[in-house]
Structures are given as structure tokens and as C-alpha cells.
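# Structural characterization, general
The lines below spell out each chain.
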Amino acid sequence: MKYYLGLLTAALCLSLRLCATAQTVVLTPPMGWNSYNCYGSAVHEDEVKANADYLAKFLKPYGWQYVVVDFLWSYDNPPGSHIGNPFQKQLGDGSYIPWLTMDQWGRLTPQPTKFPSAFGNKGFKPLADYVHALGLKFGIHIMRGIPRQAVWAKTPILGTHGITANQIADTTSTCTWMNHMYGIDMTKPGAQEYLNSILKLYASWGVDFIKVDDISRPYHKAEIEGYQKAIKQCGRPMVLSISPGETPLSEKQHVQQQANMWRMADDFWDSWKELVQMFKYAKSWEGVSGAGHWPDCDMLQIGKLSKRGPVGPERYSRFSEDELYTHMTFWCIYQSPLMMGGNLPENRPLELKLLNNPEVLAVNQHGEHPQQLYFKEGDSMVWYSNVPGSKDRYVAMFNLSDHPQKVKVDLNELGLKGQIKVRDLWKRSAVGEYEHEYATQINSHGAVLIKLTSR
């Protein structure tokens, strides 16, 4: 009897530990680099390593840690290729071109011409080992579902007795912008086993972060749950990021429970109009963020973008310097995940200055309950959050107009009375002491980030 009680206790402890892993894997918003905005589908292993090297040398001391290979790593982009979303075509026998790199169990694997260390069925393990040796964490992008080529080939599902890919696929569920995958009917025997098999593969590679695409619009509830279940059984803690936007607000409670971060909007790029729109998306998700679950404003459009597509010519961010500060300030006050989109080795002093300010990053990592205090269309906006363990406040002030102007904040509305010390976090310097109100001149499309402390 004691033996069986011991087994039951051990199983319960393991279950609780795995559940806790899902909730505590990212107590603060993830910070790192993602390959999409600078390389599209065409990033190569040496470029991932170069960005990892930069992250480790210049940004790891400030909390940056994730290196994420975005989409189509199983597709053969030759050097110099700018192809974005190559649609698969079906041949006369029903097979597909281009044929993605895939194992005998219908699981996509890295294309060795782009990732040479994957030769010999090593997958992403050698690259993940390289990233881990730098003291960083490794992530990958995946598309929801199961490859159409696996369905055609009727590949067996690992961990089942005779179930094949065609028996679990929902062939009516496809992605409108990339046709490589079918959705999975999670009511079918073998469906969860397939997701379990790919997550066990990723765990064996040393993956710490998965970004599952084409899953939140429309909101594929059962498949989201399936990925989270697969993470819990894979034996390795992993961040679950879902995209693209717009994740429906009606699923707020569900997405908090199942995902660690989720996109609020479609792909965000270096446009002032899109930045203003992001403020509105963020307002609709106000009050939802917290330890383990973070609404995602998308990648930071800072630095060298679109080296091989996917949007526009190769360029440094089209944001002005003031707009860059507004961009970074809002992502920090809102506590969005911070995933750099630009090619890190080409950073100039300006880009590094935006990314290595510990006082600014503390707002993102440690602020509590961010909320909008004031917004006037085309004029100005104020957001604030609480400084943990105190009555102090972080405050972000934005000039949304096309001309310089003063932006003010009522200190009493923030629950602050008496003489209040103001510190400029971007300048890392004291501003002075104020009572009742603080106002400051801000450039057009610019921002100020301050800390308010009761005397």
C-alpha cells in the first residue's frame, strides 16, 4: 500500500511541477531577438550565431536572453534568396513542391543548406547548444498543424499504433497566407500524440521558446490547448507564444491560462500610423498582463530591417529618433515582450542606447498594473505603472501631435501628494521636485519616461 501511495504522490508532484512550469516559465516579459524582421524566411545559421554573439556581448547583462529563428527553417532558401512565403504546388501524383525537410514521423526539421549543423539528423540541437553556451535561450517559429506533404505521404504518428497523418488532419482548416499545413482535428485519436511528438523533438534539440503561427485568428482553441499539453509532457520548460493578431478579447481568460504571450494585432512595422494604432490595441487589453502571460505588441522595429524582405527595401528603421524613443517607451511601460527585429550586428550607438538602459528596462520587467491615465486623439497620451513594494510610479508621457508641445500629468490623479521627486529614466538624471502637477516640453512624436517618488 505504501508503495502505491508513494507512486501516487510522486505522480501528483510531477503533475504539479509541470503545471507550475507553464505558469512560471516567464515571470517577466521575454526579451530577445527574432530573425523575421531582418531576414524573413531566409535567415542562415551563421547570421543567427552573429546575432546571438552580439546579444551575449552587449545585451545579456541587461536581461536580454532569447534567440528565435522565425519561419520556414525547413525550406531551402539559397544564399541571397528573398522569397517570402513560397506556396506549395501539387504535382500530378499528389505530392508537393517545394518539399520541406521532414522526418519519417511527419515532423519538419531544419534545412541543412541553411543550417549546416543540422546535417546527419541533428536538427537544431547544435545551434541550440551554441546559443546555450553563450548563456542565452533558443527559440523557433512553427506553423499550426501538420504538413500537407505528411498527409499526402500518410506518415505514421509517433506514439500511436497505426494512426497516420491523414487521419488527424482537418483539410478544411488552412492558412490563407502560407499553404504548407493543414489544421489538426484535436478530437481524432493520434492528434495530441502528434503534437506531443513534435514537442518532444524540440525538447531534445534544447528549444526554450516556440512561436506558433496561424493559431489566434481565427482563435483555434483546441489546438492552443493541445500545444500547451504537449509542452507540459515534453520534459522541458518552454515559452508558448501565439500569433498573429488579432487575438479575440472574448478569449481573454482562456489565452491567459494557455499562452505565455499572444499578439494583439497583425505584423507591426516601422510606421507612425501603425504605432498609434498599437496604442489603441494595447488599451483594449489593459489590465490583462501579469506574471506568466503577456499581451504582445510585436517585435521592436529598431535597427537594420528587411535585409532579405519581407516588407520593403533593406533599411534602418523608418522611425525618426523621437519616434524610436516613443516606440521603446511604450513597449516598456505596457510591459510588452521585447523582441528585437533589427539585425543586431549592424546596430549603431543609437540602437544600443535604446536597448541597454537598465532604468528603462526595469519599467518593462518590474512595473505593475500598467494603465492609461490620459489619451487625446492626435494630441497626447499618458500611461503609468506601479513600482513594486512602494507608492512610487513609472509614468510615460507622449506627444502624439505634429509639433512640439508641453505634456502634463496630474500627480494627485496618481495618488501622490506633497513634494514628489521626478527622475528622467532615459537621461538617468534627477529633474527636480514638484507638487500637484508635472509638465514638460516634448518633441513631435516624442516621449518622456519618468519615475515619481514621494519625498
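First, a word on what this report is: a plain description of the structure on this page. No experiment lies behind these values; they were computed from the predicted model shown. (Residues numbered from 1 in each chain as written. Predicted model: local features only at pLDDT ≥ 70, side-chain atom pairs only at ≥ 80, totals over all residues. Heavy atoms only, no water.)

### Remarks on the layout of surface pockets
Our working definition: Residues are said to line a cavity or pocket when one of their atoms sits within 4 Å of a point; the points come from a 1 Å grid over protein atoms alone, cavities being sets where a 1.4 Å probe fits but cannot get out and pockets being open sets with protein on both sides within 12 Å along at least five of seven lines. Grid points are joined across faces, edges and corners, and a volume is the space filled by probe spheres set on the points. Segments assigned H or I by DSSP are reported as helices when at least four residues long, segments assigned E as strands when at least two residues long, and all are numbered from the N terminus. The classification used treats Ala, Val, Leu, Ile, Met, Phe, Trp, Tyr, Cys and Pro as nonpolar, Asp, Glu, Lys and Arg as charged, and all other residues, Gly among them, as polar. Note that the domain bounds were set by an automatic or database domain assignment.
Estimates place the volume of the largest pocket at around 430 Å³. Counting only elements with at least two residues in the lining of the largest pocket, the list comes to α10 (321-334), β22 (437-442) and β23 (447-454). In terms of residue class, the lining of the largest pocket is made up of nine nonpolar, four polar and five charged. Of the domains in this structure, domain 1 (22-366) and domain 2 (374-454) are the two that each give at least three residues to the lining of the largest pocket.

### Concerning the pattern of salt bridges
Convention followed: For this document, the term salt bridge refers to a Lys or Arg side-chain nitrogen within 4 Å of an Asp or Glu carboxyl oxygen. Summary of the burial criterion: residues with accessible area below 20% of their type's maximum are buried, those above 50% are exposed, and those between are partly exposed, where the area comes from a 1.4 Å probe applied to protein chains only.
Using the criterion set out here, one finds 24 salt bridges in the structure. Of the charged contacts in the structure, one is a salt bridge between E223 and R144, with a shortest N-O distance of 2.9 Å. Linking E223 in helix α7 (residues 221-233) with R144 in the loop between β5 (137-143) and β6 (146-147), this pair joins segments that are 79 residues apart in sequence. Exposure remark for E223: the relative accessible area of 5% places this residue in the buried category. The partner of E346 in a salt bridge is K304, with the nearest N and O atoms 2.8 Å apart. With a gap of 42 residues between them, E346 in the loop between β15 (338-340) and α11 (349-355) and K304 in strand β13 (residues 304-305) connect regions that are remote in the sequence. By relative accessible area, which is 22% here, E346 ends up partly exposed. Given a relative accessible area of 11%, K304 falls into the buried group. In the salt-bridge network here, residues are joined through shared partners; they are K304, K307, E314 and E346.

### Quick look at the sheet that holds strand β8 (residues 181-184)
Sheet strands associate in pairs through backbone hydrogen bonding, adopting either a parallel or an antiparallel arrangement. Selection rule: When DSSP finds two or more bridges between a pair of strands, those strands are recorded as paired.
The three strands are arranged β6-β8-β7 in an open sheet whose pairing can be described as antiparallel. Of all strands in the sheet, those bounded by a partner on one side alone are β6 and β7 (169-174). One ladder, built from three bridges, connects β7 with β8; its direction is antiparallel. By the bridge assignment, A169 is partnered in β8 with I184.

### Digging into the packing of aromatic side chains
Which entries qualify depends on this criterion: Aromatic rings from Phe, Tyr and Trp, with only the six-membered ring used for Trp, were paired whenever their centres fell within 6.5 Å, and each pair was classed as stacked if the ring planes differed by under 30 degrees, edge-to-face if by over 60, and tilted otherwise.
Inspection of the entire model under this criterion finds 23 aromatic pairs. Measuring from centroid to centroid gives 6.3 Å for Y36 and W269, while their planes differ by 55°, and the two rings are tilted. In this pair, Y36 sits in helix α2 (residues 36-39) while W269 sits in the loop between β11 (261-263) and α9 (272-284), placing the two residues 233 residues apart along the sequence. Taking relative accessible area as the criterion, Y36 reaches 13% and is therefore assigned buried. For the ring pair Y434 and Y438, a centre distance of 4.8 Å and an interplane angle of 75° mean the geometry is edge-to-face.

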